[in-house]
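Notes for the structure review
Chain by chain, the residues:
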Amino acid sequence: MSEKSIDTFVITGMTCANCSARVEKELNATEGVIKANVNLATEKATVEHELTIDTDQLIQTVEGIGYGAILYDDAHKAQIAKEQSDYEQKMKRQLIISALLTLPMVVGMIFMLVGNHHPFVMFMHKPWVQLLLATPVQFVIGARFYKGAYHSLKTKAPNMDVLVALGTSAAYLLSVYNGFLGGNSSHLYFESSAMIITLILLGKYLEHRAKNKTSDAIRQLMALAGDEAVVIRDGHEQTIAIEEVKLGDRVKIIPGSRIPVDGKIVSGQSIVDESMLTGESVPVEKIVGSQVFGGTVNTTGMFVFEAEKISKETLLSKIIQMVEDAQGSKAPIQSIADKMSTIFVPVVLIIALVTLGVTAWLTKDIERALINSVSVLVIACPCALGLATPTAIMVGTGLGAKNGILIKNGQALETAASIDALIFDKTGTLTKGTPAVTDVIVFSNDYDGLDFLQLASSLESHSEHPLAQAVVKHYQGGLVEVTDFEANVGFGISGKISGQSYVMGNDKWMQAKGFETENFQSVMAPIEALGKTVIYLANEVELVGAIALADEVKTTSVRAVQKLNHAQVATYMLTGDNFATARHIAEQVGIPSDHVQAQVLPEDKATYVTQLQAKERQVAMVGDGINDAPALALADLGIAMGSGTDIAMESADVTIVKGDLNKVSQLIHLSQKTLKKIKQNLFWAFIYNIIGIPFAAIGWLNPIIAGAAMAFSSVCVLLNSLSINHIKLK
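Just so you know, these numbers come straight off a predicted model, no measurement behind them. (Residues numbered from 1 in each chain as written. Predicted model: local features only at pLDDT ≥ 70, side-chain atom pairs only at ≥ 80, totals over all residues. Heavy atoms only, no water.)

1. Side note on the domain arrangement of the chain
- In terms of domains, the chain is made up of domain 1 (4-73), domain 2 (228-313) and domain 3 (433-552).
- The distance between the C-alpha centroids of domain 1 and domain 3 comes to 58 Å. (Domains from an automatic or database assignment.)

2. Observations regarding the packing of helix 14 (residues 383-402) against helix 26 (residues 703-722)
- Where helix 14 meets helix 26, the closest approach of the two axes is 8 Å, and the angle between their N-to-C directions is 15°. Regarding the angle of helix 14 to helix 26, the classification is roughly parallel. Seen from above, helix 14 lies across helix 26 with right-handed handedness. Contact residues: Cys 383, Ala 384, Leu 387, Ala 388, Thr 391, Ala 392 and Val 395 in helix 14; Met 710, Ser 713, Ser 714, Val 717, Leu 718, Ser 721 and Leu 722 in helix 26.
- Taken together, the residues that form the contact of helix 14 with helix 26 break down as ten nonpolar, four polar and no charged. (Axes fitted to C-alpha atoms, helices over the stretch in contact; angles between N-to-C directions. Helix = DSSP H or I, 4+ residues; strand = E, 2+ residues; numbered from the N terminus. Parallel < 35°, antiparallel > 145°, perpendicular 65-115°, else oblique. Left-handed = near helix turned anticlockwise from the far one by under 90°. Contact = heavy atoms within 4.5 Å. Nonpolar A, V, L, I, M, F, W, Y, C, P; charged D, E, K, R; others polar.)

3. Comments concerning the packing of helix 12 (residues 334-363) against helix 25 (residues 662-697)
- Here helix 12 crosses helix 25 at 10°, and the two axes come no closer than 11 Å. Classified by the angle between their axes, helix 12 and helix 25 sit roughly parallel to one another. Only Leu 682, Phe 686, Asn 689, Ile 693 and Ala 697 of helix 25 make contact with helix 12, whose side of the interface consists of Ile 336, Ala 337, Met 340, Phe 344, Val 348, Ile 351, Thr 355 and Thr 359.
- Here the contact of helix 12 with helix 25 is built from residues that sort into ten nonpolar, three polar and no charged.

4. With respect to the side chain of Ser 169
- Topologically, Ser 169 is positioned in helix 7 (residues 160-180).
- Under the relative-accessibility criterion, Ser 169 is labelled buried at 14%.
- In this structure the side chain of Ser 169 is engaged in a polar contact, spanning 2.5 Å, whose partner is the side chain of Tyr 146.
- Setting aside anything within four residues of it in sequence, one finds Ser 169 in contact with Gln 138, Tyr 146 and Val 164. (Buried < 20%, exposed > 50% of the residue type's maximum accessible area, 1.4 Å probe, protein only. Polar contact = N/O pair within 3.5 Å; in protein donor to acceptor, adjacent residues only side chain to side chain.)

5. Quick look at the UniProt feature "transmembrane region" (unreviewed entry) in the chain
- UniProt marks residues 95-115, 127-146, 158-180, 186-206, 343-362, 374-399, 681-698 and 704-724 with the feature "transmembrane region" (unreviewed entry), using the numbering shown here.
- Within residues 127-146, the helical portion is 95% and the strand portion 0%, while the C-alpha atoms at the span's ends are 24 Å from each other.
- From the first C-alpha to the last, residues 158-180 spans 32 Å; its make-up is 91% helix and 0% strand. (UniProt positions renumbered as here; feature names shortened; annotations may be inferred.)

6. Re helix 5 (residues 127-141)
- Here helix 5 contains 15 residues, and its C-alpha end-to-end distance of 20 Å stays within 8% of the 21 Å for a straight helix at 1.5 Å per residue.
- Residue Ala 134 marks the point of greatest curvature in helix 5, where the axis turns by about 35°; the proline Pro 136 follows within four residues.
- Among the residues of helix 5, those classed as buried are Pro 127, Val 129, Gln 130, Leu 133, Ala 134, Val 137, Gln 138 and Ile 141. (Expected span 1.5 Å × (residues − 1). Bend = angle between axes of the 7 residues up to and from the residue.)

7. Some details on the pattern of salt bridges
- Counted according to the given criterion, the structure contains eleven salt bridges.
- Notably, a salt bridge pairs Arg 233 with Asp 249, separated by 2.6 Å at the nearest N-O pair. Of this pair, Arg 233 sits in strand 5 (residues 228-233) while Asp 249 sits in the loop between strand 6 (236-241) and strand 7 (250-253), and the two are 16 residues apart along the sequence.
- Of the charged contacts in the structure, one is a salt bridge between Arg 617 and Asp 420, with a shortest N-O distance of 3.6 Å. Here Arg 617 is found in the loop between helix 23 (602-614) and strand 24 (619-623), whereas its partner Asp 420 is found in the loop between helix 15 (410-416) and strand 15 (421-425), with 197 residues between them in sequence.
- Taking relative accessible area as the criterion, Arg 617 reaches 25% and is therefore assigned partly exposed. (Salt bridge = Lys/Arg side-chain N within 4 Å of Asp/Glu carboxyl O.)

8. What to know about the environment of Lys 496
- In this structure, Lys 496 sits in strand 18 (residues 492-497).
- Distance in space between the C-alpha atoms of Lys 496 and Ala 416 is 48 Å, their sequence separation being 80 residues.
- Not counting residues up to four positions away in its chain, the partners in contact with Lys 496 are Glu 481, Val 482, Thr 483, Asp 484 and Ser 501.

9. Considering the packing of aromatic side chains
- Applying the stated rule across the entire model yields ten aromatic pairs.
- Aromatic side chains Tyr 172 and Phe 190 sit 5.4 Å apart centroid to centroid with 75° between the ring planes, which places their arrangement in the edge-to-face category. Note that Tyr 172 is positioned in helix 7 and Phe 190 in helix 8 (residues 190-214), a separation of 18 residues in sequence. For the pair Tyr 172 and Phe 190, a shared accessibility class is recorded, and that class is buried.
- Each ring, one from Tyr 572 and one from Tyr 608, has its centre 6.0 Å from the other, and the planes form 70°; the classification is edge-to-face. Here Tyr 608 lies in helix 23 and Tyr 572 lies in strand 22 (residues 570-574), a separation of 36 residues in the sequence.
- Among the aromatic residues, those joined into a cluster by ring pairs are Phe 139, Tyr 146, Tyr 172 and Phe 190.
- Lying over the aromatic face of Tyr 72, Lys 44 brings its terminal NZ or CZ to 3.9 Å of the ring centre. (Phe/Tyr/Trp six-rings, centres within 6.5 Å; stacked < 30°, edge-to-face > 60°. Lys NZ or Arg CZ within 6 Å of the ring centre and 35° of its normal.)

10. Re the sheet that holds strand 15
- In spatial order, the strands read 14-26-25-24-15-22-23; together these seven strands make up an open sheet with mixed pairing. One side of each edge strand has no neighbouring strand; the edge strands of this open sheet are strand 14 (405-407) and strand 23 (596-597). (Pairing = 2+ DSSP bridges.)

11. Remarks on a negative patch on the surface
- On the surface, Asp 227, Glu 228, Glu 243 and Glu 244 cluster together into a patch of negative charge.
- Its place among the elements puts Glu 228 in strand 5. (Patch = residues over 30% accessible without salt bridge, like charges linked within 9 Å, V, L, I, M, F, W, Y side chains within 5 Å. Areas by Shrake-Rupley, 256 points an atom, 1.4 Å probe, with all protein chains shown as cover. Lys, Arg positive; Asp, Glu negative; His and termini not counted. Charge placed at Lys NZ, Arg CZ, Asp CG, Glu CD.)

12. Some thoughts on a nonpolar patch on the surface
- Together, Phe 123, Trp 128, Leu 132, Tyr 177, Phe 180 and Leu 181 give the surface a local cluster of nonpolar side chains, amounting to about 650 Å² of exposed area.
- Of all the secondary-structure elements, those providing two or more residues to the nonpolar patch are helix 5 and helix 7.
- Residue placement: Tyr 177 occurs in helix 7.

13. Side note on unusual backbone geometry
- Positive phi outside glycine occurs at Lys 364, with the angle close to 55°.
- Mapped onto the elements, Lys 364 comes out in the loop between helix 12 and helix 13 (366-379).
- What makes Lys 364 exposed here is its relative accessible area of 66%.
- Of note, Gln 476 is a non-glycine position whose phi angle comes to about 55°, a positive value.
- Among the secondary structure elements, Gln 476 is positioned in the loop between helix 18 (466-475) and strand 17 (483-488).

Okay, here's the thing in structure tokens:
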């Protein structure tokens, strides 16, 4: 299998959905490209390609169809920022010049309409005056439309530039004919062609500014990183750039300062505000051994920590990358707009031609027919259609990130809106995941309590399971050597100590090994009835004893399950623990007993997901992202509960940065609201054209009003998307 690479490019010169579709099509047709995705709202292309093709070839492909491409990496970010700033300044400058040249003609037209025949008004209606004012607007400032139209026609994919260029050129040339070549000199449309270009530029400028606001979440996250860090090297404090921090550096943090990178506190203590990463408003107490994360703010004390994650490995960097990836992705609902945009411009051109022919035939007035067709061309530009979905996805995923909900892509955001069945893992999801030993019961007269705990702890010290760690932590004594250690996921462990074989695990594992745990049920049943987990230890001939452990339910779990049940989302729980413990936890949080499955293996969880999906349920799985990986992958939506840097971003569609299950209902709420905004955007983009085109065709909209309506339709869509920021998730 050939090696692959994924690169992101900033694409310049795109004006509508047809532009992004054309760039995407051209990239996907390039030999060596596996998959390309182009996003109009972010103006970026993500290209997965074989290493046989380099980035320069991809850039040349984009430039070959009339657009620009800059590799989006650290080396080019300064260039990208400069070009984007220069582009905005150029657009602003052109808008001002265009408005200054157009305004006198529009003022003269207005005064003429109200019967004012002031010498200035009459002067402004002289054909040569209007020609001098309109020509720079049409062919200098409007050159962008001709250039874009040329490249789009060259690649047989007409876009909005074609519509604007045709419409304004028709109005301009009709004015030239009427003013200088024998037509009706009182019927000039120079102000219409100039005003259309000015209004479209105004709309594009406002659209550009509004699109920048959709990226506010990324910019705010990037601003959290800070610029400098105070490190202690060779006993001396040094202030260095954050990029110069090395692994193992001791970093000093004073009250009120921002933590530059991830690490572990080695001295001191404090209270840290982590709300910018987790969405949690309550500051977190930090002591020696606590993890701290880059971008968070120290509030009170002073401490020193050891740098463990730097540069792109920090939690903040991973969050930024994840949000950028999500904002550049497409939601399934966007396919509607993509399909429409590919046929939209050709259909509009046909409608404009039909309007021209039919109006001329019915009215015998070629001038009126031409103006009506110009109105059709101008009002029908598909800009709003292309922005309807991606802008809402950008704002929605950004708002999620601000609240500690990391959504991997647009598809995940859309899927969350339709979830009606939600499966919870127990340990670490509904519960704190840090069980503690509560009871030690020795069955065999050949062992005392300490012997038993030493054997159990020695075996468990080779396992990474939370229950194993709890046993070792409880004993805190000297361990003995274990040989031939084996772990059987979902059941238990085995090994030899001093030549004798031992097995340790749950009731199911013991019975499989031929040990009758029922003989001790009179002792164990009351313990299991309290929701405690029991693990047994047996040697080659008998059960030696049992250890009971308990895991506390998270304080947020009860409220979270209540919210989901109230929202008509059926809740389920799957666990490898015993039935008594599972039922006890389920009863505490409010999950129905018939929705609980106990003593299940990881593959059994995946099977349960498919069983629910077979009943036509939209299933979300909430787990730790590691042991539950098969179920997370099979679910319609996989949600990983994260804690600190151990957030398993790669194993799920959504990651909750901190283990607060209330974020799950917030995710569903955010998804539903975002999807509603997308549907509103698509509705208005479609209805605007459905109503506007017929009105323009029959002459009820003059070209100037049509141009204004088209220009501001995109701005309205963007403002509707930005309103997602006002959704209250708390």
